[in-house]
Amino acid sequence: DAGVTQSPTHLIKTRGQQVTLRCSPKSGHDTVSWYQQALGQGPQFIFQYYEEEERQRGNFPDRFSGHQFPNYSSELNVNALLLGDSALYLCASSLEIGTGLYGYTFGSGTRLTVV
Amino acid sequence: AQSVTQLDSQVPVFEEAPVELRCNYSSSVSVYLFWYVQYPNQGLQLLLKYLSGSTLVKGINGFEAEFNKSQTSFHLRKPSVHISDTAEYFCAVSETDDYKLSFGAGTTVTVRA
């Protein structure tokens, strides 16, 4: 049983470009959350998707957007990249039970470097 | 809004010695509490969680944590560490009517022989 799969594992982009990160949730999970982890810091919540809609959003600008597909997989898009967007982006999946916090599974992340 | 403070950024410890990682949180409502571990170049792995009930929570790999509501703390302990426990540890909190986790800045544990 595969866990959470994220692609690509590493990515280098230039300032001003756009990037799309992908996440396949753990089998049986229907909720996907995205977190940004800057170097030396704890993860920061970007947003959560459930039933193909953004259910909750953290304190991130509109340059950050996402999508969830009918098969529960998800994409994170970042437009107009800034140097400060360089970070590890983590995807977490869960099964919607109550608040959904009973079983978060994290992927290994995508390391984004903006130059 | 909730927040988490991990009181120690780095904790060096000798193999087979005990370790305690301190975590304090602030919230005006009921919370769920978590400890995660992150090994180099990997994602987060759940060590343990407090949702309700007994304030002493046992997790994987011999870790345990105690929820203290009056002191708003959730400290993590292990009585005897191994070299393999070298990693980054994160405390996280979620309000019971919320979907997101709020993480602390992390504590780096380095176990030496």
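One can find the structure itself at the top, above this paragraph.
Residues numbered from 1 in each chain as written. Chains lettered and ligands numbered in written order. Predicted model: local features only at pLDDT ≥ 70, side-chain atom pairs only at ≥ 80, totals over all residues. Heavy atoms only, no water.

Undergrad: I'd like a rundown of the sheet that holds strand S1 (residues 5-7) of chain A, residues and numbers included.
TA: All names here are of chain A. Spatial ordering of the open sheet is given by S1-S3-S8-S7, a layout of four strands whose pairing is antiparallel. Every other strand in the sheet has two partners, leaving S1 and strand S7 (64-68) as the edge strands with one partner each. Strand-to-strand twist across the sheet, computed as the mean angle between neighbouring axes with direction ignored, equals 15°. (Pairing = 2+ DSSP bridges. Helix = DSSP H or I, 4+ residues; strand = E, 2+ residues; numbered from the N terminus. Axes fitted to C-alpha atoms, helices over the stretch in contact; angles between N-to-C directions.)

Undergrad: Account for the state of the cysteines, with residues named and values stated.
TA: Applying the stated criterion across every chain, the model contains two disulfides over all chains. Here A:Cys23 pairs with A:Cys91 through a disulfide, and the sulfurs are 1.8 Å apart. Across the disulfide from A:Cys23 to A:Cys91, rotation about the S-S bond amounts to roughly -65°, and the bridge is consequently left-handed. Highlighted residues: A:Cys23 in strand S3 (residues 19-24) and A:Cys91 in strand S9 (residues 87-94), separated in sequence by 68 residues. There is no split in this pair, since A:Cys23 and A:Cys91 are both buried. For B:Cys23, the disulfide goes to B:Cys91, at an S-S distance of 2.0 Å. Sign of the S-S torsion, about -70° for the bond between B:Cys23 and B:Cys91, identifies this disulfide as left-handed. (Disulfide = S-S within 2.5 Å. Buried < 20%, exposed > 50% of the residue type's maximum accessible area, 1.4 Å probe, protein only.)

Undergrad: If you had to explain the interface of chain A and chain B to someone new, which residues and values would you point to?
TA: Tallying the contact residues gives 20 residues for chain A and 19 residues for chain B. In this assembly, chain A packs against chain B so that about 1700 Å² is buried in total across both faces, 58% of it on carbon and sulfur atoms. Taken together, the links from chain A to chain B amount to zero salt bridges. There are five residue pairs in polar contact (both at pLDDT 80 or more) connecting chain A and chain B. Mapped by element, the contributors of at least two residues to the side of chain A that touches chain B are strand S4 (31-37), strand S5 (44-50), strand S6 (53-57) and S9 of chain A. (Contact = heavy atoms within 4.5 Å. Buried area = accessible area lost by both parts, 1.4 Å probe. Salt bridge = Lys/Arg side-chain N within 4 Å of Asp/Glu carboxyl O. Polar contact = N/O pair within 3.5 Å; in protein donor to acceptor, adjacent residues only side chain to side chain.)

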